[in-house]
Amino acid sequence: MSKVSTCLWFARDGEAAARFYVSLVPGSSLGEILRAPGPWPGGEPGDVILITFTIGGQSFQALNGGAPADYGTAASIAIACADQAEVDRLWHALIAEGGTEIMCGWLRDRWGVPWQIFPDMLPRLLADPDPAVAARVFTAMQTMVKLDVAALEAAAYTAS
């Protein structure tokens, strides 16, 4: 576990969330699972209180706080995907069982955690030296919920 990690708050199912998250991305792993040594506001002795894990090498913690968290949209977990197949796989897994789609590659998983699932070519296209290319890609992206690699590339390389 690195010195710095992101801590995600869950009511009681942080372990299930952590196990699910590490199953999604190669290079991910579950770490320590800490149990409460005594009663606490969120549960009983022996209940899981903290889980350490990594997603693609990034350190996280899942904390069972006893009450659900409202994540808002100020922070999210962002995953750059190699291709449309990876975008689709992650998107469908994360919205399953109660997740919700937002816009522009954003979604919330079933625990309410915000994610950005985007093709790794998107930042390159948005930073294209030709401002017309970047503008077309940006405009196309704003019409999408789940990002479409072929449509973004078409927007980049087809002048209107």
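As the structure is a prediction and not an experimental result, all values here were calculated from the model. (Residues numbered from 1 in each chain as written. Predicted model: local features only at pLDDT ≥ 70, side-chain atom pairs only at ≥ 80, totals over all residues. Heavy atoms only, no water.)

Peer 1: Just to check I follow, could you spell out the packing of helix α4 (residues 131–141) against helix α5 (residues 149–157) for this structure?
Peer 2: Geometry of a packed helix pair, given as the angle between the helix axes and the separation of the axes. In the contact formed by α4 and α5, the axes pass within 7 Å of each other and the chain directions differ by 145 degrees. Crossing of α4 over α5 shows right-handed handedness. For the pair formed by α4 and α5, the contact residues are Val133, Arg136, Val137, Ala140 and Met141 on the first element and Leu152, Ala155, Ala156 and Tyr157 on the second. Within the contact of α4 with α5, the residues separate by chemical class into eight nonpolar, no polar and one charged. (Axes fitted to C-alpha atoms, helices over the stretch in contact; angles between N-to-C directions. Helix = DSSP H or I, 4+ residues; strand = E, 2+ residues; numbered from the N terminus. Left-handed = near helix turned anticlockwise from the far one by under 90°. Contact = heavy atoms within 4.5 Å. Nonpolar A, V, L, I, M, F, W, Y, C, P; charged D, E, K, R; others polar.)

Peer 1: Looking at this structure, I do not really get the pattern of salt bridges. What am I missing?
Peer 2: As a working rule, side chains carrying opposite charge can pair if their charged atoms are close by. Using the criterion set out here, one finds four salt bridges in the structure. A salt bridge links Glu15 to Arg19; the nearest nitrogen and oxygen atoms lie 2.9 Å apart. Of this pair, Glu15 and Arg19 both sit in helix α1 (residues 14–24), four residues apart, which is roughly one turn of the helix. Close ionic contact of Asp88 with Lys146 constitutes a salt bridge, the shortest N to O distance being 2.8 Å. On the criterion of sequence distance, the pair formed by Asp88 in helix α2 (residues 84–95) and Lys146 in the loop between α4 and α5 is long-range, its members being 58 residues apart. (Salt bridge = Lys/Arg side-chain N within 4 Å of Asp/Glu carboxyl O.)

Peer 1: Help me out: how do you make sense of the sheet that holds strand β5 (residues 77–81) in this one?
Peer 2: Within a sheet, each strand pairs with its neighbour through backbone hydrogen bonds, oriented either parallel or antiparallel. Taken in spatial order, the four strands make up an open sheet running β5-β8-β7-β6, and their pairing is mixed. Strand pairing shows two members of the sheet lacking a second neighbour, β5 and β6 (100–101), which therefore form its edges. The pairing of β5 with strand β8 (residues 114–119) spans five bridges and is parallel. Opposite Ile79, over in β8, you have Ile117 as the bridge partner. (Pairing = 2+ DSSP bridges.)

Peer 1: Would you mind going over the environment of Pro123 with me for this structure?
Peer 2: Summarising the element assignment, Pro123 is placed in helix α3 (residues 121–126). In the structure, Pro123 is positioned 11 residues away from Ala134 in sequence and 9.4 Å away in space, judged by C-alpha atoms.

Peer 1: What's the story with the packing of aromatic side chains in this structure? I'm lost.
Peer 2: Under the definition given, this model contains seven aromatic pairs. Plain terms: the ring middles of Phe10 and Trp111 are 6.1 Å apart, the flat faces sit at 85 degrees to each other, and that makes the pair edge-to-face. With Phe10 in strand β1 (residues 6–10) and Trp111 in the loop between β7 (106–108) and β8, the pair connects residues that are 101 residues apart, well separated along the chain. Look at Phe10 and you get buried, because its relative accessible area is 2%. Since its relative accessible area comes to 15%, Trp111 is described here as buried. Directly above the ring of Phe20 sits Arg110, whose terminal nitrogen or CZ lies 4.6 Å from the centroid. (Phe/Tyr/Trp six-rings, centres within 6.5 Å; stacked < 30°, edge-to-face > 60°. Buried < 20%, exposed > 50% of the residue type's maximum accessible area, 1.4 Å probe, protein only. Lys NZ or Arg CZ within 6 Å of the ring centre and 35° of its normal.)

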